Amino acid sequence: MVSDMYLQIDKFYLEIVTLLTMITALALSLWSARASHVVAAISSSLFILYGLYSGEFRVFYVVSGLVWLFSSTFSALHDRERWYSLTFSGTLLGIMITLLSQNYLEFLTGWELMTLFAYASIGVYRREWRPGYTFLAFGEVSTVLLIAGFILAYQETGTFLFHTLTDTLPLWFTTFGFTVKMGIFPFLMVEWLPIAHGNAKPSLSSVLSASMTLAGVYGIYKMMSLCPQTQALGGVLILIGAFSVLFGALYSYVSDHMKGMLAFSTIENNGAILTALGSLELSADPVLKAFAQFSLMVYVVAHSLAKTGLFLVAGYVHGESMSTLSTQRSFSLEIGTTLLTASMSGLLPTVGGVAVWSLLETLFMESISVGGILGLIPLLAGVMVGMGEGFATGAMARFTSFTSLVRPRGGERGRLVLLIGVLMPVLALLSYLLSPEMAGAASLGMFSNSLIPSGYSGGSFGGISPLYVLIILPILSLITYLASGRRRVRTVDPWDNGSGRRLTYTSFGMANNIRLMLRFVLRTRKGAVETSADVFWRAILQLVRGYVRFSRAFSRAYMNSSISWYMIYMILAFIVVILVVFL
Amino acid sequence: MNWFLRGIRRGILTEKEFPQVQWPSELHRSKEGEVKCPTDALKEDRWDPNRCIFCRACEPILSPTGRSVQAQVKRSEPSFRRSFYLYPIDVGTCGGCNLEFRLIASPQHDMTRFGIFLTNTPRHADALVVMGVMTPKMEEVLRRAYDAMPEPKLVILLGVCAVSGGILGMPPDIRGDVVIPGCPPTPESILRALVEAKSGE
Amino acid sequence: MRIIGDLGPHCLTSEGLAEGPCKYSRPTIGEGGYGSFNFLYGPSAGGLLESVAFDILTYGESIEDVRALSYKTRHIKVGGLPLRDVLFKVERINVPFAASHTIAFLTAVENALGVSPPEEVVESRIAQLELERIRNNLLVIQRLAEAASFLVPTYRLLYYVEEVNRAISRSCGHRYFLGANYLGESRCQELHLPRIDVEELRDLLSNRIFIDRLQGNGVVKEDWAIGPAARAAGFSYDARLEVPELKYRDHGFKIVTESKGDAFSRMLVRLEEIEVSLKILEGVEVKPRRFELPSREGRGIGRVESPSGDLAYMVQVEQGSIKELHLLPPSRINILLFLRSMPENIFTDFPFNWESFGIWISEAEVSIS
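Residues numbered from 1 in each chain as written. Chains lettered and ligands numbered in written order. Predicted model: local features only at pLDDT ≥ 70, side-chain atom pairs only at ≥ 80, totals over all residues.

Visitor: With reference to specific residues and values, describe the overall build of chain C.
Guide: Across its full length, chain C carries 12 helices and 14 strands. Here chain C has a C-alpha radius of gyration of 20 Å; the compact-globule value for 369 residues is 21 Å, and the two agree. The principal-axis extents of the C-alpha atoms in chain C amount to approximately 65 × 45 × 35 Å. Every one of the 369 residues in chain C was classed for burial, and the buried ones make up 56%. Restricting the contact set of chain C to residue pairs at least 6 apart, pairs at least 24 apart contribute 67%. (Helix = DSSP H or I, 4+ residues; strand = E, 2+ residues; numbered from the N terminus. Rg over C-alpha atoms; globule rule 2.2 N^0.38 Å. Buried ≥ 20, exposed ≤ 12 C-beta atoms within 10 Å, placed from the backbone. Contact = placed C-beta atoms within 7 Å.)

Visitor: Pulling in residues and values, what's your account of the interface of chain C and chain B?
Guide: The interface is formed by 40 residues belonging to chain C together with 45 residues belonging to chain B. Those elements that place two or more of their residues in the side of chain C that touches chain B are β7 (74–76), α1 (83–91), α4 (151–172) and α5 (198–205) of chain C. Take the side of chain C that touches chain B: its biggest share by element is 8 residues, from α4 of chain C. In terms of residue class, the side of chain C that touches chain B is built from 18 nonpolar, 11 polar and 11 charged. (Nonpolar A, V, L, I, M, F, W, Y, C, P; charged D, E, K, R; others polar.)

Visitor: Summarise the environment of L503 of chain A; cite the residues concerned and give the values.
Guide: Mapped onto the fold, L503 of chain A is located in the loop between α17 (466–483) and α18 (507–517). Considering only alpha carbons, one finds L503 of chain A and S555 of chain A, 52 residues apart in sequence, at a separation of 61 Å. Those residues in contact with L503 of chain A, other than ones at most four positions away along the chain, are D496 of chain A together with L40 of chain C.

Visitor: Which residues make up the sheet that holds strand β6 (residues 84–92) of chain B, and what values do they have?
Guide: Whenever strands of a sheet pair, they do so through backbone hydrogen bonds, lying parallel or antiparallel. All names here are of chain B. In spatial order, the strands read β5-β10-β9-β8-β6-β7; together these 6 strands make up an open sheet with mixed pairing. Across the chains shown, the open sheet's two edge strands, defined by having one partner strand only, are β5 (72–73) and β7 (116–118). Summarising the sheet, β6 and strand β8 (residues 127–132) pair through 6 bridges and their orientation is parallel. Each bridged residue has a counterpart across the sheet, and for P88 the counterpart in β8 is V129. (Pairing = 2+ DSSP bridges.)

Visitor: An account of unusual backbone geometry is needed here, citing residue identities and associated values.
Guide: For the bond running from W23 of chain B to P24 of chain B, omega is 0°, close enough to zero to count as cis. Turning to its location among the elements, P24 of chain B is positioned in the loop between α1 (2–10) and β1 (27–29). That bond from E59 of chain B to P60 of chain B is cis: its omega, 0°, falls within 30 degrees of zero. For P60 of chain B, the position within the fold is in the loop between β3 (46–47) and β4 (62–64). In this structure, S149 of chain C takes a positive phi of about 55° despite not being glycine.

Visitor: So what about the sheet that holds strand β3 (residues 16–19) of chain C? Which residues, and what values?
Guide: Residues and elements named next belong to chain C. The strand order β1-β2-β3 describes an open sheet built from 3 strands, whose pairing is antiparallel. Edge strands, defined here as strands with exactly one partner in the open sheet, are β1 (3–7) and β3. Sheet twist, expressed as the mean angle between neighbouring strand axes with direction ignored, is 35°. Bridge count between β1 and strand β2 (residues 10–13): 4 bridges; the pairing is antiparallel. In the strand pairing of β2, I3 is matched with T13. (Axes fitted to C-alpha atoms, helices over the stretch in contact; angles between N-to-C directions.)

Visitor: Explain the confidence of the model for chain C to me, using residue names and the numbers behind them.
Guide: Residue and element names in this part refer to chain C. Averaged over chain C, the pLDDT score is 90; the fraction of residues at 70 or greater is 99%. Of all the helices and strands in chain C, β3 carries the lowest mean pLDDT, 82, while helix α11 (residues 350–356) carries the highest, 95. The ipTM for the predicted assembly is 0.94, set against a pTM of 0.87. (pLDDT = per-residue confidence, 0-100.)

Visitor: I'd love a proper account of helix α2 (residues 33–53) of chain A, names of residues and values included.
Guide: Helix length check: α2 of chain A, at 21 residues, gives a terminal C-alpha distance of 31 Å against a target of 30 Å (1.5 Å per residue), a fit within 8%. Residues of α2 of chain A that are buried: A33, S36, H37, V39, A40, A41, S43, S44, F47, Y50 and G51 of chain A. (Expected span 1.5 Å × (residues − 1).)

Visitor: Summarise the nonpolar core; cite the residues concerned and give the values.
Guide: Residues L128, V129, V130, I156 and L158 of chain B together with A312 of chain C are the most contacted members of the largest nonpolar core, which totals 176 residues. With 14 residues, the top contributor of residues to this core is helix α3 (residues 119–147) of chain C. In contact with A312 of chain C, other than residues within four places in its own chain, are I4, L7, L12, A104, I301, G302, R303 and L328 of chain C. Counting 166 residues, the second-largest nonpolar core is a separate cluster that includes L86, A276, Y316 and A355 of chain A. (Core = buried A, V, L, I, M, F, W, Y, C linked by C-beta atoms within 7 Å.)

Visitor: Any chance you could break down the packing of helix α12 (residues 286–314) of chain A against helix α16 (residues 415–434) of chain A for me, citing the residues and the numbers?
Guide: Residues and elements named next belong to chain A. In contact at an axis separation of 9 Å, α12 and α16 are set at 175° when each is read in the N-to-C sense. As far as their axial angle goes, α16 and α12 are roughly antiparallel. Residue-level contacts link F294, M297, V298, V301, L305, A306, T308, G309, L312 and V313 of α12 to L416, V417, I420, G421, L423, M424, L427, S431 and L434 of α16. A class-by-class count of the residues in the contact of α12 with α16 yields 15 nonpolar, 4 polar and no charged. (Parallel < 35°, antiparallel > 145°, perpendicular 65-115°, else oblique.)

Visitor: So what about the pairing of β2 of chain C? Which residues, and what values?
Guide: All names here are of chain C. Adjacent in sequence and paired antiparallel, β1 and β2 are bridged by 2 residues, among which G8 carries a positive phi angle near 65°. Sheet topology places β2 next to β3; 4 bridges connect them, and they run antiparallel. Opposite C11, over in β3, you have A18 as the bridge partner. What sits between β2 and β3 in their antiparallel hairpin is a turn of 2 residues.

Visitor: So what's going on with the pairing of β8 of chain B? Residues and values would help.
Guide: Residues and elements named next belong to chain B. The element β8 is extensively covered by neighbouring structure, given that 6 of its 6 residues are classed as buried. Pairing of β8 with strand β9 (residues 154–158), which is carried by 5 bridges, proceeds in the parallel orientation. Looking at the pairing, L128 lines up with V155 of β9. For the segment spanning β8, helix α3 (residues 136–148) and β9, crossover handedness is right-handed. (Right-handed = clockwise from strand over helix to strand, strands pointing away.)

Right under this line is the structure:
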C-alpha cells in the first residue's frame, strides 16, 4: 500500500521533472540549438522511464519517448538552427502534454500546441505556403471535431476529467477528428503534402509521422476505453483503415520522391493501425480482443520506430528524387536500412513481421467469429491490407536499394540508423512480452513458450515464432556456408550482355510498370516528376474550387448593392422574425 | 485437349538413329583428278574437314559418304555428365549455325534427353558455343562472355567459320576444346560432339 | 509504283531503278524527361538468335524509342573475284535465305549476260524458293511461340522445321541449298515434299493468350514496307508477281493479305503462305539440268521474293568475274520498319515484334566491296 503510494508520488515527481526538462529545452533553444536538442533528448529518456511505470498506456509512452530520443539525438548531431530547435522542442512539448493529460482541456491544449509548433516548422521557410497551410487547416478541422466530441462528453459527465461514458457520439466525433489528422483516406494529403513538400527536416518528419500520429492513436484508444462498444464504428474504422493501407502503399510504390514515399508509407501504416483499432472495437470476444490489442501495440511499436529510422536515413542523402540523389554506402547505413525496410515490409524476424502477421490473423479470426454481414468487413479489409502490404514491400525494397545498396562505398556514418535497425529483431523478441499467451509446438521444433499463438473463443488459430526464425536463419545459413567447402573466388565484372556499358535502371523505372498498368487510377502523365496524383487530393481540390466559385457567384447575386433588393431582404427578415416569435 | 490426344496418337518422335544427310557429310575420293578447293581443304590426298565449306565444287571427284562429320573433342569434362548448360554466342555467323544449333532441341533430336540445356547467361553456363567468323566489335563481347563463365568450362567451336574462318574471314581468337566442323554442321553432328564432350555414351 | 529499297547508289522500285537514295520519312523522337534512361538489350543475350544490340529509351517498361547498334559486321570482298568464288560467298551471306540469295544473284548474272535459263532450271528454282519459304515461315512462327513459352506449338513447329530441312536435303543434297545452284547448272535431283498439317498448326496457335500478345503489337502501315509485313498491312506487294522471269503466274499463285498490320497479321500471313507454297510445290517437277553461259559483259539486276520480302542483287560482270556487286537485303528494310513500329509499346512486346518480321542480322550488316 505504502509502496504503491510512493510509486504514485515518484511517478508524479517524474512527470513534473520530465515536463520541466522539455520546457527548459524550449527555452534553451533561444540560446543554443545543440543544447536544446540534448536537453530534449534527456527529457525523452525521462519520459521513457515514466512510461515504463505506467499502466495500460505503457507502450504509447515508451514508444513516443524512443522516437523523440532518436530524433533529438539526430538533431543534436546534425542540426544547428535555433528556430528549428524551438519549433522542434515545442512540438515535442505539445505531444508530451497530450499524452500526459488528465482531462479534456489539457488534451486540447497539448493538441493545439503540437499543431501550431509543427506548422511553424513546416510552413515558414519555403516559398510554398500550401503544405504548411493544408496541415494547419486540416489540423483545425480535427480540433473542431475533437472539441465537439469533448463537449458532448462534458455534457454527459459534467466534468472535464476522463470518465466512462454511456453515449457513443463523443467517440464518433473524436475518432473522426483523430483520423483526419492521421492522413486517413480520403484525407491522404494531410500527411504527404507537409512531409514531402514542406520544409520538415528528417527529425521533424519522423516526429510528424511517428509521434504525432501516435498521439492520434492514443486519443482513439483512450476514448474507446471510455465509451461503450460500437460495432458500427469498428466496421467503419476497419474499412477506411484498409483503404488507406491499399492506397497509401500504392502511392508509396509509384512515388519517386524520397520523403514522399515515406510519407505515403506512414499513411499506409496508420491505416493498418486504424484497422487494428477497428478490430478491437468490432469483436466482442475477449480472447480475440486481447489478441487484437496485442496486434495494435506491436504495430504501433513497429511503425513508429522503423519510420523514425527511415526518415533519419533521409538525412544522410543528398537530393530528394530517388532517381537523381547521391549518397555513399556505409556498413551501418546498409545494415540499418535493410533491417528497417524489412520491418516495414512485414518480414520476419523483425517486429514488423510480427505486426503484419498479427493484424492479418486478427482479421481472419474476426471474419470467422463475427457472424452475419458484419463478418464480410474484416474479409474485405484483409484483402486490401494484403494487397497493400505487397506494394509496401516493393516500395521498401526500392527504397533500400536506391539509398544504399547500389551506391558506392564511402565513409562510416549512420550509426544511429544501425542502432534503430538492430532494434527491429530485438523488439520482435520483446514482443513475446506483449503477447497475451505463449505456447510451444515441439513437433515443429519450437520448444516451450517460443510460439506466439493466435486464437479466439472458438479455438486456437495459428502461431508465429520470431525466436525460431531468428535462430534458424543464421544457423541454416552457417551450415550451408560451412558445408560448401573451400571456396575459390574469382571476381568478375557484372555481366552486361557483353556491351561494356554500365547498365543502369532508375528507381523511377522500377515502379513504372505499375504506373502504366494502373494508368486510370493513378492518372499517369508522361514526362513529369509527379507522374501520379493523389486522386483524392484532386477530388477535394475540385470540390473546394467548385465551392469557391459557387460562393462567389452566390454572394455577387445576393449582395448586389441594389437598394430595392436590400429593402426586400429587410422586409423578409422582419416577417421571419415575427413568425418565429409568434410560434 | 485436341493437341494432347493428337500427340498421344502420334507417338514418340525422338529418333535413336538419324537419317543420312549427304551434304554436309564425310567426303571421300571416288574418282581421280585435280580439284581446286576455294578454302584449301584438300592437302595432298587428305580431306581436311576443318576447312571444308561443302560448296560441292569438288564433286564428283570427292563424293559424300552420308556419315556425319566427326568432331574433335580435345577435352571433355566428366562433371557435366548429368547436366550440361550451353551458352551460344554469335560473333559473326551467316545465320546457318545459329539455326542448326537451335534444331538440336527439335523433337527428332531432343537434346534434353542427354542432359543438354540452353541458358540465357554465361554466368550459368558450362560451355560457350562460339559460332561465326571474328568481327571487330564482337571480340570484346566474346572475351567478356568467356570471363563471366565459372570454372570448369568448355569452349565449343561450332562450324567451319569458327574453326578456320571458312571463306568469309578469320576465326575467333579462342582455343576450342571441342571443334565441330561443317557448313553448317548438322544437328546430328553437333549432338554427337556434345555428348562426347560431356563424356556420355 | 512502290519503293523497294536502296540498291547500291540507286533506289530500286517496282518499275526499275530510280535515282537514289530512296526517300523515306524518318520520324524523330526527342529526349526523355525525368526518370528516363537508356536500356541496352544485347548484343549477347539469350533471347536473341543473332548478335545485335538495341538501345531502348524508356521510362521503365515503356518503349519511347529504339536504336539498333550493329556488332557483327562482316566485310566480304568480291571485287575482281571469279563468278564461282563470288557465288560461294553469296551463298553464305545468309544461309537460311541461301536459296533466295543464290537465285537472285544468278538471275542478276544471267540478266547481265543476256541469258534466259531453261524451264527445268526455273521450275527447280521455284521449288527451292518455296521450300525455303515454308521453312522460314515455320521458323518465324516457332520463334513467336517460343517467345511466349508456348511449348507444345514450339516443339511441333521445330519438328516441322527439321522435317522441311530433311526434305530439302533429300531434294537438293544440302539442308540449306548450299552447292545446289551453280552458274549454268541446277543440281537438285528430285522434289521431296515435307508433310505439314497446316490445320493442326492453326488449331495449335488459336490460343487466346498467345494471340493477345501479338494483336496490336508493332503496327506497320508504311507504304514502303515489303514482304509479309507489307502484305499484313493490306498492300499486295510480292516480287513473285512483279518479276515475270520467275514464272510464278503459271502456277496459279495468289497473294495473301491481312489488314491490321500488327504482329498477329504478320503471323497469319506467314501461316497462309505455307499453305500457298505447298500448293505451288504440288505442281512443280524438279530435274537436274545444265546450260551454257556465254562470256559477255554487262550489268543486271535479279530480284526474288525471299521469305521476308524483296531481295535484289545488282551485278556488273566482266570477263567471268565480278566488277561490282550491290545487295538489297529485305532485313535492312524490315529493321527500319521494326524500329519505327516499336515506340508506344512496352518491353514485353519487344521479342514478339522483333521475331514477327523475320529479320536476319547477318544479311543486314554485311558490307560488300
